[in-house]
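Okay, here's what each chain looks like letter by letter:
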Amino acid sequence: IESPAAFWGSLATFCDVRFRRAPDAVLEHGDRWPGARFFPGATLNFAENLLRFRDDRPALIWRDETGRRGEYSYRELHEQVGRAAAGLRRLGVRPGDRVAAFLPNGPEAVIAMLAATSLGATWSSCSPDFGTASVLDRFGQITPKVLIATDGYWYAGKRIDTRATVQQLAAGLRGLEAVIGVGDLPGSISWQALTAETAPLEFAALPFYHPLYILYSSGTTGPPKGIVHGAGGILLQHLKEHLLHTDLHRDDRLFYFTTCGWMMWNWLVSGLAGGATL
């Protein structure tokens, strides 16, 4: 608090933040709150920082209520993100576009987020237990170019079908150019088709404050309000919390029970930057 430039500068070094262009300074206009700017001139890519490892250690382990279990190593995760990024690029996704997700917390959500942000797109997600109106209240504000959606999810031993909700979302979101379906979603581009082609993963170099995530207020005092989070700030804050607050290491496993509609999902996925297993 007393020495923010010294602290955040040393933290970025300690956490080995991968800058594409080094910052001109750590803090500019430090006497202005608001108005201060951290790491002016720096460029980086959030996904590149989360995918710094490409080895055979497990990156993701998942299970569902049917007993299905899956696992991706860091090498396999890198490949899957490259496939998804190539598919999004074919759909015309560019820096500044919004990619919205209506997905459960599973491997496709992690892969799609990393693919979108590798291209410089801004990610926003809702949980599939949200109703149509609740999702439109959120995604309707951000005009997503692409919607990635599930055909359903499991809860308390029951299969919940979301195909009708996705159809209503596709009809209600202006500017939407493509729907990618995880599962059986008629009229959508299948997840398998999106990720069909192997391609080298390229990371767009973007300003420190480039919009990474759009999250939302709870909606208890009127319509949910979109809250934009910058890539560099989120990366540094999450690295601080993972590496310093929780002492997370590569041999550790990180679990947080959350949906993609809560900010703890975004926090959880950042554990990849430290090389832990999610």
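Below: a short report on this structure. If you're wondering where the values come from, they're calculated on a predicted model, not measured in any experiment.

Procedures and definitions
Residues numbered from 1 in each chain as written. Predicted model: local features only at pLDDT ≥ 70, side-chain atom pairs only at ≥ 80, totals over all residues. Heavy atoms only, no water. Helix = DSSP H or I, 4+ residues; strand = E, 2+ residues; numbered from the N terminus. Buried < 20%, exposed > 50% of the residue type's maximum accessible area, 1.4 Å probe, protein only. Contact = heavy atoms within 4.5 Å. Areas by Shrake-Rupley, 256 points an atom, 1.4 Å probe, with all protein chains shown as cover. Lys, Arg positive; Asp, Glu negative; His and termini not counted. Charge placed at Lys NZ, Arg CZ, Asp CG, Glu CD. Pairing = 2+ DSSP bridges. Right-handed = clockwise from strand over helix to strand, strands pointing away. Salt bridge = Lys/Arg side-chain N within 4 Å of Asp/Glu carboxyl O. Phe/Tyr/Trp six-rings, centres within 6.5 Å; stacked < 30°, edge-to-face > 60°. 1 Å grid on protein atoms, 1.4 Å probe; cavity = no way out; pocket = protein on both sides within 12 Å on 5 of 7 lines; lining within 4 Å. Points joined across faces, edges and corners; volume = space filled by probe spheres on them. Nonpolar A, V, L, I, M, F, W, Y, C, P; charged D, E, K, R; others polar.

1. Describing the overall build of the protein
Phase 1 of the analysis: Helix and strand counts for the protein come out as nine helices and 16 strands.
Phase 2 of the analysis: For the protein, the spread of C-alpha atoms along the principal axes amounts to about 55 × 45 × 35 Å.
Phase 3 of the analysis: When burial is assessed residue by residue, the protein has 50% of its 278 residues classed as buried.
Phase 4 of the analysis: The long-range fraction of contacts in the protein, counting pairs at least 24 apart against all pairs at least 6 apart in sequence, stands at 67%.
Phase 5 of the analysis: Carbon and sulfur atoms make up 53% of the accessible area of the protein, which amounts to about 13,100 Å² in all.
Phase 6 of the analysis: Charged side chains of the protein number 27 positive and 27 negative; the gap between the two group centres comes to 3 Å.

2. Here we look at the pairing of strand β7 (residues 98-102)
Phase 1 of the analysis: Taking burial as the measure, the five residues of β7 include four buried ones, the bulk of the element.
Phase 2 of the analysis: Here β7 pairs with strand β8 (residues 122-126) via five bridges, running parallel. Paired with F102 across the two strands is C126, which belongs to β8.
Phase 3 of the analysis: For the crossover that starts at β7, traverses helix α4 (residues 107-118) and ends in the parallel β8, the hand is right-handed.
Phase 4 of the analysis: Of the strand pairs in this sheet, β7 and strand β9 (residues 146-150) are connected by four bridges, and their pairing is parallel. Residue pairing across strands places V99 opposite V146, the latter belonging to β9.

3. A word on the environment of W262
Phase 1 of the analysis: Tracing the backbone through its elements, the reader meets W262 in the loop between α8 (231-245) and α9 (263-269).
Phase 2 of the analysis: For W262 and S127, which are 135 residues apart along the polypeptide, the C-alpha to C-alpha distance reads 8.1 Å.

4. Description of the pattern of salt bridges
Phase 1 of the analysis: Scanning the entire structure with this criterion turns up 15 salt bridges.
Phase 2 of the analysis: Between R18 and D16 there is a salt bridge, and its shortest N-O distance comes to 3.0 Å.
Phase 3 of the analysis: D24 is the salt-bridge partner of R21, the closest N and O atoms lying 3.1 Å from each other.
Phase 4 of the analysis: Residue class for R21 comes out partly exposed when judged on its relative accessible area of 40%.
Phase 5 of the analysis: Here the salt bridges share partners, and the residues they tie into one network are D16, R18 and R52.

5. Some details on the packing of aromatic side chains
Phase 1 of the analysis: Evaluated as defined, the whole model comprises 13 aromatic pairs.
Phase 2 of the analysis: Pairing F19 with F39 gives two aromatic rings, centres 5.7 Å apart and planes at 35°, and the pair type is tilted. Of this pair, F19 sits in strand β1 (residues 19-21) while F39 sits in the loop between β3 (37-38) and β4 (43-44), and the two are 20 residues apart along the sequence.
Phase 3 of the analysis: Judged by relative accessible area, which is 25%, F19 ranks as partly exposed.
Phase 4 of the analysis: For the ring pair F39 and F208, a centre distance of 5.0 Å and an interplane angle of 35° mean the geometry is tilted. Separated by 169 residues along the polypeptide, F39 in the loop between β3 and β4 and F208 in the loop between β14 (206-207) and β15 (211-216) bring together distant segments of the chain.
Phase 5 of the analysis: For F208, a relative accessible area of 6% puts it in the buried group.
Phase 6 of the analysis: Members of the aromatic cluster, each reached through a chain of ring pairs, are F7, W8, W33 and F38.

6. Let's talk about the layout of surface pockets
Phase 1 of the analysis: In this model, the largest pocket occupies a volume close to 1,300 Å³.
Phase 2 of the analysis: Residue lining of the largest pocket: 40 residues in total, with R63, D64, P104, N105 and G106 positioned closest to the centre.
Phase 3 of the analysis: Elements with a minimum of two residues in the lining of the largest pocket: β5 (58-63), α4, β10 (152-155) and α7 (191-194).
Phase 4 of the analysis: Broken down by class, the residue content of the lining of the largest pocket amounts to 22 nonpolar, nine polar and nine charged.
Phase 5 of the analysis: One number sums up the size of the second largest pocket: a volume of about 220 Å³.
Phase 6 of the analysis: Along the wall of the second largest pocket there are 13 residues; nearest its centre are W8, G233, I234, L236 and Q237.
Phase 7 of the analysis: Looking at the lining of the second largest pocket, the elements that each hand over two or more residues are α8 and α9.
Phase 8 of the analysis: Tallied by class, residues from the lining of the second largest pocket come to nine nonpolar, three polar and one charged.

Everything listed here is a matter of coordinates, which is why it stays silent on function.
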